[in-house]
Amino acid sequence: GQQVMQIPQYQHVQEGEDFTTYCNSSTTLSNIQWYKQRPGGHPVFLIQLVKSGEVKKQKRLTFQFGEAKKNSSLHITATQTTDVGTYFCAHNPTGGGNKLTFGTGTQLKVEL
Amino acid sequence: EAGVAQSPRYKIIEKRQSVAFWCNPISGHATLYWYQQILGQGPKLLIQFQNNGVVDDSQLPKDRFSAERLKGVDSTLKIQPAKLEDSAVYLCASSPSGRPYNEQFFGPGTRLTVL
């Protein structure tokens, strides 16, 4: 199947620093969805990217979909303690309907 | 709008015992999913229902796992008999139908510990 790898696996930042997580695939993806999972919580949908080169922003979060639709990134500007959690990218495999395959996740810790 | 409901929230059993989880999706959502999330990993799809029919169960260990959604609303997932490696959080999610690539809404999950 279409596997997606995320890097880094873990990231510790000081509050106010920026953070970026990358999602990479060896094959072209139909779409990318990003989810956030707080410690002890469940995944919560953040955004979906469908078009090549698409960029979307949500306040301090910027999401990008690569031109070749093989990679995506999530960038957080000036992290806050509320940003703590694990960020997962996910995609719908080709021909898989609405089935989601999740990436390996990046765990973000923010220190004061 | 009420979210996805799951019960129980926690369950501890011994290996070879049976366990069942229940999920009630968001009202009107035709598609229901069960995921297994092992600690430190992303959720892995076990089974997907569209109304009361199975769309994908390719990753469901059918020798011990079963799931049903008889009336196309709530769903149960059963493990019989449980193994140590089944310790995980079992997440239920739902999504509306009618357009491709819908976002999924997750329930709080059931944390299963098999001793």
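The structure under discussion appears in the preceding block.
A short tour of the structure in this document, coming up. (Residues numbered from 1 in each chain as written. Chains lettered and ligands numbered in written order. Predicted model: local features only at pLDDT ≥ 70, side-chain atom pairs only at ≥ 80, totals over all residues. Heavy atoms only, no water.)

Some remarks on the overall build of chain A
A count of helical and extended segments in chain A gives 0 helices and 11 strands. Starting at the N terminus and walking to the C terminus, you meet the elements of chain A as β-β-β-β-β-β-β-β-β-β-β. The C-alpha atoms of chain A give a radius of gyration of 13 Å, which matches the 13 Å a tight globule of 112 residues would have. Summarising its shape, the C-alpha atoms of chain A cover approximately 45 × 30 × 20 Å along the three principal directions. Burial status across chain A gives 49% buried among its 112 residues. Sequence-distant contacts, at least 24 apart, represent 54% of the contacts inside chain A between residues at least 6 apart. In chain A, 11 positive and 7 negative side-chain charges are present, and the distance between their average locations comes to 11 Å. (Helix = DSSP H or I, 4+ residues; strand = E, 2+ residues; numbered from the N terminus. Rg over C-alpha atoms; globule rule 2.2 N^0.38 Å. Buried < 20%, exposed > 50% of the residue type's maximum accessible area, 1.4 Å probe, protein only. Contact = heavy atoms within 4.5 Å. Lys, Arg positive; Asp, Glu negative; His and termini not counted. Charge placed at Lys NZ, Arg CZ, Asp CG, Glu CD.)

What to know about the pattern of salt bridges
The final tally for this structure, using the stated rule, is 5 salt bridges over all chains. Lys56 of chain A is the partner of Glu54 of chain A in a salt bridge, and the nearest nitrogen-oxygen pair spans 3.7 Å. Glu54 of chain A sits in the buried class, given a relative accessible area of 16%. Overall, Lys56 of chain A belongs to the partly exposed group, its relative accessible area being 30%. Where Arg64 of chain B meets Asp86 of chain B, a salt bridge forms, and the shortest distance between an N and an O atom there is 2.5 Å. Linking Arg64 of chain B in the loop between strand S6 (53–56) and strand S7 (65–68) with Asp86 of chain B in the loop between strand S8 (75–79) and strand S9 (88–95), this pair joins segments that are 22 residues apart in sequence. (Salt bridge = Lys/Arg side-chain N within 4 Å of Asp/Glu carboxyl O.)

Describing unusual backbone geometry
A cis amide bond, omega -5 degrees, links Ile7 of chain A with the succeeding residue Pro8 of chain A. Looking at the element boundaries, Pro8 of chain A is found in the loop between strand S1 (4–7) and strand S2 (10–14). Along the chain, Gln80 of chain B connects to Pro81 of chain B via a cis peptide bond; the corresponding omega equals -5 degrees. Structurally, the position occupied by Pro81 of chain B is in the loop between S8 and S9.

Here we look at the sheet that holds strand S3 (residues 19–24) of chain B
Residues and elements named next belong to chain B. The strand order S1-S3-S8-S7 describes an open sheet built from 4 strands, whose pairing is antiparallel. Looking at which strands have only one partner, the edges of the open sheet turn out to be strand S1 (5–7) and S7. For this sheet, the mean angle separating the axes of adjacent strands, direction not counted, is 15 degrees. Judged from the 4 bridges that link them, S7 and S8 form a sheet pairing that is antiparallel. Note that in S8 the partner of Phe65 across the bridge is Ile79. (Pairing = 2+ DSSP bridges. Axes fitted to C-alpha atoms, helices over the stretch in contact; angles between N-to-C directions.)

Overview of the interface of chain A and chain B
Opposite the 17 residues of chain A that make contact, chain B presents 22 residues. Both faces combined, the contact of chain A with chain B buries some 1600 Å², and carbon together with sulfur accounts for 50% of it. Its salt-bridge partner being Asp56 of chain B, residue Lys99 of chain A comes within 3.3 Å of it at the nearest N-O pair. In this assembly, chain A and chain B are joined by 5 residue pairs in polar contact (both at pLDDT 80 or more). If you tally residues by element for the side of chain A that touches chain B, the top one is strand S4 (residues 32–37) of chain A, at 3 residues. Among the residues making up the side of chain A that touches chain B, the classes are represented as 6 nonpolar, 10 polar and 1 charged. (Buried area = accessible area lost by both parts, 1.4 Å probe. Polar contact = N/O pair within 3.5 Å; in protein donor to acceptor, adjacent residues only side chain to side chain. Nonpolar A, V, L, I, M, F, W, Y, C, P; charged D, E, K, R; others polar.)

Topic: the packing of aromatic side chains
Both the distance between ring centres and the angle between the ring planes are used here to describe each pair of aromatic rings. Within the structure shown, the criterion is met by 11 aromatic pairs over all chains. Arranged with centres 5.6 Å apart and planes meeting at 75 degrees, the rings of Tyr35 of chain A and Phe45 of chain A form a pair that is edge-to-face. Taken as a pair, Tyr35 of chain A in strand S4 and Phe45 of chain A in strand S5 (residues 44–49) lie far apart in primary sequence, 10 residues in all. Tyr35 of chain A gets classed as buried once you look at its relative accessible area, which sits at 0%. An aromatic cluster is built from Tyr35, Phe45, Phe88 and Phe102 of chain A together with Tyr33, Tyr35 and Phe106 of chain B, whose rings are joined through pairwise contacts. (Phe/Tyr/Trp six-rings, centres within 6.5 Å; stacked < 30°, edge-to-face > 60°.)

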